Amino acid sequence: MDQVADLARLFADGPVAVLTGADISTDSGIPDYRGAGTPPRTPMSIEQFMADPAYRRRFWAGARVGAGPMQAIEPNPGHRALARLEAAGRIDGVITQNVDGLHRRAGSRSVVELHGSGATIRCTECAARWTRAEVLHWFDVANPGYAERYAGAPLNPDGDAEVGELDAVRVPRCPACGGLLRPDVVYFGEVVPPSVFAEAERLVNEAGALLLAGTSLAVNTGVRLLHRAERRGIPVGVINRGPTAADSRASVRIEGGTTETLVELAGLLAPAAPGGAV
Ligand SMILES: [Zn+2]
């Protein structure tokens, strides 16, 4: 495809920085808040979560039931194409707005998780951290039989699921201090930690181009990285279904899914060795 050849030319001036969003994970089966065919949903805000016990019951019950189907989620060929491009020296790193951990699982090494990791839970009082699996085990101890009753419930974005009987749900608390527990992720309206943003900015500063893949660039941090690329005068490429905030600045724009485009791009720039693993 001519368009992918145009995209490949962005890599002429050295390794490229890649910014990914939710759409790169939809082909792994993680629903998108704005995805086609899904009813409009609004992500829970952290203010609601902190202020209202009903939201916390809803969150932990959904997270526990969603953990079943989430275990079956695997990186898709788009994630793996980016890992191949990094191994071939074609990209200097992946900056992602996703909290699903799929880039690292696909083999990417240089990964900046702008919004943190959904696999980590932290105490809002004493800042102790646990894995999500540990905290969900506490949920099971406090709510025997609950996860079994809702097994197979439809999966929502962010590892959530459709659940009920919420009034009776008992929410896990910090075993050290009794404080409220929350995912170690940056919710809408919260600020990306400065050290994390600085690492993302460093990747853009050292890159020959910026490639946006599967993000409409609706979040401010992504826009700041775009502005950083513009100030440096490096070209910007876009792969996305639907419009993005970078369209007017993009020198190459591909309307379409990230998986097929990234696989084709990796085929041009990082061909697999004959007989080698993809
Ligand atoms: Zn605590």
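Residues numbered from 1 in each chain as written. Predicted model: local features only at pLDDT ≥ 70, side-chain atom pairs only at ≥ 80, totals over all residues. Heavy atoms only, no water.

Novice: When you look at the coordination of the zinc ion in this model, what are you seeing that I'm missing?
Specialist: Put simply, the ideal angle at a metal is 109.5 degrees for four donors in tetrahedral geometry and 90 or 180 degrees for six donors in octahedral geometry. The zinc ion binds to the protein through Cys123 (SG), Cys126 (SG), Cys174 (SG) and Cys177 (SG), with metal-donor distances spanning 2.3 Å. What the four donor atoms of the zinc ion show is an angle range of 100 to 117° at the metal, which sorts the shape as tetrahedral. All donor residues of the zinc ion come from one chain, and their arrangement in sequence is C-x2-C-x47-C-x2-C. Residue class for Cys174 comes out buried when judged on its relative accessible area of 4%. According to the relative accessible area criterion, Cys177 is partly exposed, its value standing at 41%. (Donors = N, O, S within 2.8 Å, 3.2 Å for Na, K, Ca; no water. Tetrahedral: all angles 85-135°; square planar, octahedral: opposite > 155°, others 65-115°. Buried < 20%, exposed > 50% of the residue type's maximum accessible area, 1.4 Å probe, protein only.)

Novice: Mind showing me how you'd approach helix α10 (residues 220–232) here?
Specialist: The α-helix advances 3.6 residues per turn, and as a result positions three or four apart in sequence lie on the same side. Taking 1.5 Å per residue as the helical rise, α10 with its 13 residues ought to reach 18 Å, and the 19 Å between its terminal C-alpha atoms agrees with that figure. For α10, the set of buried residues is Thr221, Gly222, Leu225, Leu226 and Ala229. Buried residues of α10 fall within an arc of 145° about the axis and therefore sit on the same side. Facing away from the buried side of α10, by more than 90 degrees, are the exposed residues Asn220 and Arg231. Residues of α10 that are buried make contact with β1 (16–20), β2 (91–96), α9 (194–205), β7 (210–213) and β8 (236–240). Looking one or two residues past α10, Gly233 carries a phi angle of roughly 75°, positive in sign. (Helix = DSSP H or I, 4+ residues; strand = E, 2+ residues; numbered from the N terminus. Expected span 1.5 Å × (residues − 1). Arc of directions from axis to C-beta. Contact = heavy atoms within 4.5 Å.)

Novice: Looking at this model, I keep getting lost on the sheet that holds β1. Mind explaining?
Specialist: As a general point, the strands of a sheet are linked pairwise by backbone hydrogen bonds and lie either parallel or antiparallel. The sheet built from six strands is open, its strands ordered β3-β2-β1-β7-β8-β9 with parallel pairing. Either end of the sheet is taken by a strand with one partner, and the two such strands are β3 (111–113) and β9 (252–255). Averaged over all pairs of adjacent strands, the angle between strand axes in this sheet comes to 15°, irrespective of strand direction. Bridge analysis of β8 against β9 gives four bridges, and the strand direction is parallel. Counted as the bridge partner of Val238 is Arg253 from β9. Most of the contacts of helix α1 (residues 2–9) go to β9, to which it runs at about 140°, and overall it touches β7, β8 and β9. Of the strands in this sheet, β1 and β2 touch helix α5 (residues 77–87), which is tilted by about 145° from β2. (Pairing = 2+ DSSP bridges. Axes fitted to C-alpha atoms, helices over the stretch in contact; angles between N-to-C directions.)

Novice: Please explain the environment of Gly14 as it appears in this structure.
Specialist: Looking at the element boundaries, Gly14 is found in the loop between α1 and β1. Spatially, the C-alpha atoms of Gly14 and Asn143 are 53 Å apart, while their sequence positions differ by 129 residues. Residues contacting Gly14, with those up to four places away along its chain left out, are Arg90 and Gly208.

Novice: When you look at the domain arrangement of the protein chain in this model, what are you seeing that I'm missing?
Specialist: Along its sequence, the protein chain is organised into domain 1 (1–30 + 73–115 + 192–278) and domain 2 (44–72 + 119–185). Centre-to-centre, using C-alpha coordinates, domain 1 lies 31 Å away from domain 2. Note on domain 1 versus domain 2: buried area summed over both sides is about 490 Å², and carbon and sulfur give 56% of it. Considering only the side of domain 1, the residues that lose the most area to domain 2 are Ile30, Ile73 and Val99, jointly responsible for 71% of the buried surface there. Inspection of the region where domain 1 meets domain 2 yields zero salt bridges. Linking domain 1 to domain 2 there are one residue pair in polar contact (both at pLDDT 80 or more). Of the residues in the side of domain 1 that touches domain 2, the class split is three nonpolar, two polar and one charged. (Domains from an automatic or database assignment. Buried area = accessible area lost by both parts, 1.4 Å probe. Salt bridge = Lys/Arg side-chain N within 4 Å of Asp/Glu carboxyl O. Polar contact = N/O pair within 3.5 Å; in protein donor to acceptor, adjacent residues only side chain to side chain. Nonpolar A, V, L, I, M, F, W, Y, C, P; charged D, E, K, R; others polar.)

Novice: Looking at this structure, how should I read the packing of aromatic side chains?
Specialist: The description of an aromatic ring pair uses the distance of the two centres, along with the angle that the planes make with each other. One pass over the full model with this rule turns up five aromatic pairs. Ring centres 5.3 Å apart and planes at 90° place the aromatic pair Phe49 and Phe59 in the edge-to-face group. With a gap of 10 residues between them, Phe49 in helix α3 (residues 46–51) and Phe59 in helix α4 (residues 53–71) connect regions that are remote in the sequence. Across the pair, Phe59 and Phe49 agree in class, each one buried. Between Phe59 and Trp60, the aromatic rings sit 5.0 Å apart at their centres with planes inclined by 90°, giving edge-to-face as the arrangement. In textbook terms, an aromatic cluster arises when at least three aromatic residues are bridged by ring pairs, as seen for Phe49, Phe59 and Trp60. Against the face of Phe197 rests Arg224, its NZ or CZ located 3.8 Å from the ring centre. (Phe/Tyr/Trp six-rings, centres within 6.5 Å; stacked < 30°, edge-to-face > 60°. Lys NZ or Arg CZ within 6 Å of the ring centre and 35° of its normal.)

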